[in-house]
Amino acid sequence: MTAEAGRLWGGRFTEEPDEAAWRLGRSVHFDVRLWPHDLAGSRAHADELLRIDVLSDDDHRDIVGALDAIGEEFRFGTFRFSEGDEDLHGAIERRLVELCGAVGGRLRAGRSRNDQICSDLRLYLRDAVGGILVGVRGVQSALAQKAEAVLDWLAPGYTHLQRAQPVVLGHHLLAHAWALDRDAGRFADCRSRLDVSTLGAGALAGTTLPLDPAAYAAALGFARVAENSMDAVADRDFAVEFLAAAALLGVHLSRLGEEVVLWSSAEFGWARVGDAFSTGSSIMPQKRNPDVAELVRGKTGRLIGDLVSLLVTLKGLPLTYNRDLQEDKEPVFDAVDTLALALPAMAGTVASLVFDRDRLAATAAGGFALATDVAEALVRAGVPFRTAHERVGALVSDCERAGVELAAAAPDVLRAALPELDAGALPGLLDPQSAVARRAATLGPDPARVQAQLDRLRRRLVPRGG
Ligand code: ARG
């Protein structure tokens, strides 16, 4: 590699870097995606250098013109990295000097790659969060739309993957949408906390040049300026917060994906995933596999890995910048890319689901799903819940032995077990449709409440400035 290459630190060295060392440290193949942010920071810096007379008007014009030209090269894919470019910052400076001569070497005054890179990454994430929020809202909208279509369809609700109590399908689908709503909140929160300008921190201790940190913040649209130059260059909390939000979002998508896989099995028989979101088998002609839901579930492993990877990188680093921090970018980019794939695929999968109303209704009432309702009816008739639970449990056990559901139990058995209850009230008590409506006063699946819940969710999905 040659001295004029995009290496920013050759002066005190007499030997060229070792090939393996160079390859280990090189980051252009991944930090290239920060180019718009790096150039924005450089323009702001050129303006500051002009203000403090480190650049003349001519220098400034040449440098900004060259930065614009470099931006065009990146945009049109014509920017060529050279073998000697170590990272994006070096590559851009190398190109700047090629385009405008020695004056290009003036731009580095008063800044360091240390304050530059964390500024770039904050700018990148500020944009990326906007895209992820659109994706999250997309999955929520698909859930809301599906919930509306099947709002009052009866479905069995589960705990321990055992049938527990009947619900309506709209309630079940919206449960996933609310988890995603918290994810959206976490990303928005992360975005507001990362909205901090770090330029002016220099390598770690600022600079003797009278550069104004607030001017960078204003130029780059940051809400605040970092308080402490050492914290500014050492801090990657914003990337951890982003990855934590991404990992938890991944967990939610994975849980939804897992349910889609279950629902589409013959054993559940709840739903069919649309052709466009299913695949066949290369050997078994009859197969119809919910691969998209499985892949989203599978991708969550990498999202969790990305978070753990950065946490482990940070643990034990002394202040301030350490080269380990170069390892922050690939997990962040991987999480952004993974979510960019997973979110629309999951939205499409949900939208493609066709539920089997009869199958759902048939299973909603089974498995003694209304035993709790019967016990609560006894409570309303004055029986202590502990006793009611005991008695209904024994009744269920008798019915199980007789191979019948509660509704089909012999009238004398019912009368003996539930003397406080009016026999005429029993059919209503054991009807799942009435059972969901009985939950109107609580957080449960009463269809009217589910409709109100859906309306509240919909209001949250209206975009409010990204
Ligand atoms: N490529 C480096 C990174 O991503 C930029 C900062 C390098 N700073 C340094 N002192 N070597 O972290």
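Note that the coordinates shown come from a computational prediction; the quantities given were computed from them, not determined experimentally. (Residues numbered from 1 in each chain as written. Predicted model: local features only at pLDDT ≥ 70, side-chain atom pairs only at ≥ 80, totals over all residues. Heavy atoms only, no water.)

1. With respect to the nonpolar core
Generally speaking, a soluble globular protein has its nonpolar side chains buried in company with each other.
Step number 1: If you look at the biggest cluster of nonpolar residues, it comprises 102 residues, and the most contacted ones within it are Phe-187, Phe-242, Leu-253 and Phe-355.
Step number 2: A per-element tally of this core places helix H6 (residues 113–149) first, with 15 residues.
Step number 3: Dropping the residues within four chain positions of it, Phe-187 is found in contact with Val-129, Ile-132, Leu-133, Phe-242, Ala-245, Ala-246, Leu-249 and Leu-339.
Step number 4: Among the nonpolar cores identified, the runner-up in size contains 23 residues, and Ala-388, Leu-395, Val-396 and Leu-426 belong to it. (Core = buried A, V, L, I, M, F, W, Y, C linked by side-chain atoms within 4.5 Å. Buried < 20%, exposed > 50% of the residue type's maximum accessible area, 1.4 Å probe, protein only. Helix = DSSP H or I, 4+ residues; strand = E, 2+ residues; numbered from the N terminus. Contact = heavy atoms within 4.5 Å.)

2. Comments concerning the pattern of salt bridges
Step number 1: This structure, assessed with the given rule, holds 34 salt bridges.
Step number 2: Note that Asp-68 is salt-bridged to Arg-43, the shortest N-O span being 2.9 Å. Linking Asp-68 in helix H4 (residues 57–75) with Arg-43 in helix H3 (residues 35–51), this pair joins segments that are 25 residues apart in sequence.
Step number 3: For Glu-73, the salt bridge identified is with Arg-95, shortest N-O distance 2.7 Å. Residue Glu-73 is found in helix H4, and its partner Arg-95 is found in helix H5 (residues 88–100); the two are separated by 22 residues along the sequence. Residue Glu-73 shares its accessibility class with Arg-95, and that shared class is buried. (Salt bridge = Lys/Arg side-chain N within 4 Å of Asp/Glu carboxyl O.)

3. As for the packing of helix H10 (residues 237–263) against helix H11 (residues 291–314)
Step number 1: Two elements in contact, H10 and H11, have axes whose closest approach is 8 Å; the angle formed by their N-to-C orientations is 160°. With respect to their mutual orientation, H10 and H11 come out roughly antiparallel. Note that H10 runs across H11; the crossing there is left-handed.
Step number 2: Split by residue class, the contact of H10 with H11 holds 18 nonpolar, four polar and four charged. (Axes fitted to C-alpha atoms, helices over the stretch in contact; angles between N-to-C directions. Parallel < 35°, antiparallel > 145°, perpendicular 65-115°, else oblique. Left-handed = near helix turned anticlockwise from the far one by under 90°. Nonpolar A, V, L, I, M, F, W, Y, C, P; charged D, E, K, R; others polar.)

4. Here we look at a nonpolar patch on the surface
Step number 1: A cluster of nonpolar side chains, Ile-304, Val-308, Leu-311 and Val-312, forms an exposed patch at the surface whose accessible area comes to about 330 Å².
Step number 2: With respect to the helices, strands and loops of the structure, Val-308 is situated in helix H11.
Step number 3: Look at Val-308 and you get partly exposed, because its relative accessible area is 41%. (Patch = residues over 30% accessible without salt bridge, like charges linked within 9 Å, V, L, I, M, F, W, Y side chains within 5 Å. Areas by Shrake-Rupley, 256 points an atom, 1.4 Å probe, with all protein chains shown as cover.)

5. Structural notes on the side chain of Thr-300
Step number 1: Examined against the element boundaries, Thr-300 turns out to sit in helix H11.
Step number 2: Residue classification places Thr-300 among the buried positions, given a relative accessible area of 6%.
Step number 3: Look past the residues within four positions of Thr-300 in its chain and what remains in contact with it is Gly-250, Val-251 and Ser-254.

6. Quick notes on the environment of Val-332
Step number 1: Mapped onto the elements, Val-332 comes out in helix H12 (residues 329–352).
Step number 2: On the basis of relative accessible area, Val-332 is assigned to the buried category, the value being 0%.
Step number 3: Every residue in contact with Val-332, bar those within four places of it in the chain, is listed here: Leu-121, Tyr-124, Leu-125, Ala-239, Phe-242 and Leu-243.

7. Describing the environment of Phe-333
Step number 1: Among the secondary structure elements, Phe-333 is positioned in helix H12.
Step number 2: Here Phe-333 is in contact with Phe-30, Asp-31, Arg-33, Leu-34, Leu-121 and Tyr-124, once residues within four sequence places are set aside.

8. Some points on the pairing of strand E2 (residues 162–168)
Step number 1: Across six bridges, the pairing between strand E1 (residues 154–159) and E2 is antiparallel. Opposite Leu-154, over in E2, you have Val-168 as the bridge partner.
Step number 2: Once E1 ends, the chain turns through two residues before running back antiparallel as E2, passing His-160 with a positive phi of about 55°. (Pairing = 2+ DSSP bridges.)

9. Quick notes on the site of the ligand
Step number 1: Within the structure, the ligand sits among Ser-27, Asp-87, His-89, Arg-113, Asn-114, Ile-117, Tyr-321, Gln-326 and Lys-329.
Step number 2: A total of 340 Å² of accessible area belongs to the ligand in isolation, and the protein chains cover 87% of it.
Step number 3: Ranked by residue count, the leading element in the shell around the ligand is H6, at three residues.
Step number 4: Residues of the shell around the ligand, tallied by class, amount to two nonpolar, four polar and three charged. (Near = heavy atom within 4 Å.)

Any functional reading would require information beyond the geometric quantities listed.
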